[in-house]
Amino acid sequence: RIMLPMISSVGEVDDALHLIYRAHAETEEEGYQIEMPNVGAMIEVPAAVYQIRELARRVDFLSVGTNDLTQYLLAVDRNNPRVADLYHTCHPSVLRALWSIADGAKGENTPISVCGEMAGDPIGAVLLIALGFNVLSMSATNLLKVKAILRQVSLAEAEQLLEEVMVMPDARSVWKHMEKALKKPEVAGLFRRAELN
């Protein structure tokens, strides 16, 4: 598999695919039988969100990098302590961008996954599943926590929660609503552990 990072235009994908196909053809001409690898694109910048269907038609799979996408959508450097509190993956604009991405990929039948801190956060994972992302990439330390949360919430419940938060004005409102809704007795302990990490 080949992943094209930081894609911001269809032309970049076309140019990269041309080079990949040419390199593949050259290796075959030299007598090597190498299977053409699947090629994917990372969706990490706002420009890619608005061309998602065109990008999805050209590649075998897509992956959303939520850390960079959130940073660029909100124009917030998450590593700058003076503005880091403005960075939040539950911001309504981020959720709407993710919805557009998932919808565009689905419309082109292109597999899509998510990587980044949002996938490893219990609230983020529930929202991502509701948005239509079925493949979440996260650090091993978050895996059991996220898995336990997702086992406690049905897809219908997650989709209902998503519908409720999509009309909320800010990330704080979204977070509080999700936290309250998901603090069932059986998952409350998972949230306490998440807050400590």
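Residues numbered from 1 in each chain as written. Predicted model: local features only at pLDDT ≥ 70, side-chain atom pairs only at ≥ 80, totals over all residues. Heavy atoms only, no water.

Draft legend 1. How the structure looks around the packing of aromatic side chains. Following the criterion strictly, the structure yields 0 aromatic pairs and no others. Against the face of Phe 61 rests Arg 1, its NZ or CZ located 3.9 Å from the ring centre. (Phe/Tyr/Trp six-rings, centres within 6.5 Å; stacked < 30°, edge-to-face > 60°. Lys NZ or Arg CZ within 6 Å of the ring centre and 35° of its normal.)

Draft legend 2. The pairing of strand E2 (residues 39-43), seen in detail. For E2, a buried count of 5 out of 5 residues is recorded, marking the element as mostly surrounded by other parts of the structure. Residues Val 39, Ala 41 and Ile 43 line one face of E2 and the alternating positions Gly 40 and Met 42 line the opposite face, and both faces are buried. For the handedness criterion, the β-α-β arrangement of strand E1 (residues 2-4), helix H1 (residues 10-29) and E2 is classed as right-handed. Strand direction decides the pairing type here: E2 and strand E3 (residues 61-65), joined by 4 bridges, are parallel. Within the sheet, the bridge partner assigned to Met 42 lies in E3 and is Ser 63. (Buried < 20%, exposed > 50% of the residue type's maximum accessible area, 1.4 Å probe, protein only. Helix = DSSP H or I, 4+ residues; strand = E, 2+ residues; numbered from the N terminus. Right-handed = clockwise from strand over helix to strand, strands pointing away. Pairing = 2+ DSSP bridges.)

Draft legend 3. Inspection of the nonpolar core at higher detail. Core analysis: the largest hydrophobic core is formed by 56 residues, its most contacted members being Leu 98, Ile 101, Leu 127 and Phe 133. Setting aside anything within four residues of it in sequence, one finds Leu 127 in contact with Cys 90, Leu 95, Met 118, Leu 162, Val 165, Val 174 and Met 178. (Core = buried A, V, L, I, M, F, W, Y, C linked by side-chain atoms within 4.5 Å. Contact = heavy atoms within 4.5 Å.)

Draft legend 4. A look at the sheet that holds E1. Strand order in the open sheet formed by 5 strands is E1-E2-E3-E4-E5, and the pairing between neighbours is parallel. Two strands in the sheet have a free side with no partner beyond their single neighbour: E1 and strand E5 (135-137). Strand-to-strand twist in this sheet, taken as the mean axis angle between neighbours without regard to direction, amounts to 25°. Note that strand E4 (residues 112-115) and E5 share 3 bridges and pair parallel. Pairing of Ser 113 across the sheet is with Val 135, part of E5. Contacting E1 and E2, H1 runs over the sheet at an angle of about 155° to E1. (Axes fitted to C-alpha atoms, helices over the stretch in contact; angles between N-to-C directions.)

Draft legend 5. Geometry of the confidence of the model for the chain. Residues with a pLDDT of 70 or more make up 93% of the chain, whose mean pLDDT is 91. Below a pLDDT of 50 lies the segment residues 192-197, which in the model reaches 5 contacts outside its immediate sequence neighbourhood of four places, other chains included. (pLDDT = per-residue confidence, 0-100.)

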